[in-house]
Amino acid sequence: MSNFFKEFKEFITRGNIMDMAVGIVMGTAFVAIVTSLVDDIISPLLGLIVGVNFSELKGTVGDVTFTYGNFIMAVINFLLISLVMFLLIKALMKMQQARDKMTGKAGEEEAPATKVCEFCKTEIAIDATRCPNCTSQLGVFKEESKN
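Residues numbered from 1 in each chain as written. Predicted model: local features only at pLDDT ≥ 70, side-chain atom pairs only at ≥ 80, totals over all residues. Heavy atoms only, no water.

A. Spatial organisation of the overall build of the protein chain. Across its full length, the protein chain carries four helices and four strands. Overall, the protein chain shows an N-to-C arrangement of helices and strands of α-α-β-β-α-β-β-α. Here the C-alpha atoms of the protein chain give a radius of gyration of 30 Å, more than 25% beyond the 15 Å that 2.2 N^0.38 yields for 147 residues. Dimensions of the protein chain, computed from C-alpha atoms along their principal axes, come out at roughly 85 × 50 × 35 Å. Buried residues in the protein chain amount to 14% of all 147 residues. Across the protein chain, contacts joining residues at least 24 apart in sequence account for 20% of those joining residues at least 6 apart. Here the protein chain has roughly 12100 Å² of accessible surface; of this, 64% comes from carbon and sulfur atoms. Placing the 14 positive and 16 negative side-chain charges of the protein chain at their respective mean positions leaves the two points 6 Å apart. (Helix = DSSP H or I, 4+ residues; strand = E, 2+ residues; numbered from the N terminus. Rg over C-alpha atoms; globule rule 2.2 N^0.38 Å. Buried < 20%, exposed > 50% of the residue type's maximum accessible area, 1.4 Å probe, protein only. Contact = heavy atoms within 4.5 Å. Areas by Shrake-Rupley, 256 points an atom, 1.4 Å probe, with all protein chains shown as cover. Lys, Arg positive; Asp, Glu negative; His and termini not counted. Charge placed at Lys NZ, Arg CZ, Asp CG, Glu CD.)

Shown next, in the form of structure tokens:
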């Protein structure tokens, strides 16, 4: 049982878990801001323009009341959150591309560290001349065919 708690402690204190927790907290705060924006500013503006208060839009069938105006506002809320997230991510990507250009990392790819043995098809070091798995000498047939 102590091993379980040790593994759980390692899991919860990893950097990516902490990043995720910060993201969730920030996301919750962001949703509160956007909800307030929709409820307190955009909804009244739309009400003035259209002449309808969306929160009052309701339909009744028998004893059941459908507040479809709240649904309309939830859709507007979703679209606004999506738009803001899109704009933020687009801006961050532009900043990252500009930073990469300044540091000279733009378009730079890492050289492969491994290759596949032409005989046994296992992955081996890029500079290997003999496969450690099947012990075949690499590149022999290619070099002979060149001559």
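B. Broad picture of the nonpolar core. Within the largest apolar cluster, eight residues are counted, these being Val34, Val38, Phe54, Leu57, Met73, Ile76, Leu80 and Ile81. For this core, the elements supplying multiple residues, two or more each, are helix 2 (15-50) and helix 3 (68-103). Counting residues per element, this core draws most heavily on helix 3, which supplies four residues. With sequence-adjacent residues up to four places away left out, Phe54 is seen in contact with Leu46, Gly69, Asn70, Ile72 and Met73. (Core = buried A, V, L, I, M, F, W, Y, C linked by side-chain atoms within 4.5 Å.)

C. Structural detail: the side chain of Ser136. Residue placement: Ser136 occurs in the loop between strand 4 (123-125) and helix 4 (140-146). Ser136 sits in the buried class, given a relative accessible area of 19%. Apart from the residues within four sequence positions on either side, Ser136 is in contact with Phe119, Thr129, Arg130 and Cys131.

D. Spatial organisation of the state of the cysteines. All told, the structure shown has zero disulfides when counted by the stated rule. The thiol sulfur of Cys131 is not disulfide-bonded, and the nearest other cysteine sulfur, from Cys120, lies at 3.6 Å. With relative accessibility at 2%, the residue Cys131 sits in the buried group. (Disulfide = S-S within 2.5 Å.)

E. Layout of a nonpolar patch on the surface. Residues Met1, Phe4, Phe5, Phe8, Phe11 and Ile12 make up a contiguous nonpolar surface patch of roughly 670 Å² in combined accessible area. Relative to the helices and strands, Phe5 resides in helix 1 (residues 2-12). Classification of Phe5 as partly exposed rests on a relative accessible area of 48%. (Patch = residues over 30% accessible without salt bridge, like charges linked within 9 Å, V, L, I, M, F, W, Y side chains within 5 Å. Salt bridge = Lys/Arg side-chain N within 4 Å of Asp/Glu carboxyl O.)

F. Just the pattern of salt bridges, in detail. Following the criterion strictly, the structure yields one salt bridge and no others. Arg99 is the partner of Asp100 in a salt bridge, and the nearest nitrogen-oxygen pair spans 3.6 Å. Take Asp100: its relative accessible area is 18%, and that puts it in the buried class.

G. The arrangement of the environment of Glu123 in detail. Position of Glu123 among the secondary structure elements: in strand 4. With 34 residues separating them along the chain, Glu123 and Ile89 place their C-alpha atoms 37 Å apart. Beyond its immediate chain neighbours, meaning those up to four positions away, Glu123 contacts Thr114, Lys115 and Asn133. At a separation of 3.0 Å, a polar atom in the side chain of Glu123 contacts the side chain of Thr114. (Polar contact = N/O pair within 3.5 Å; in protein donor to acceptor, adjacent residues only side chain to side chain.)

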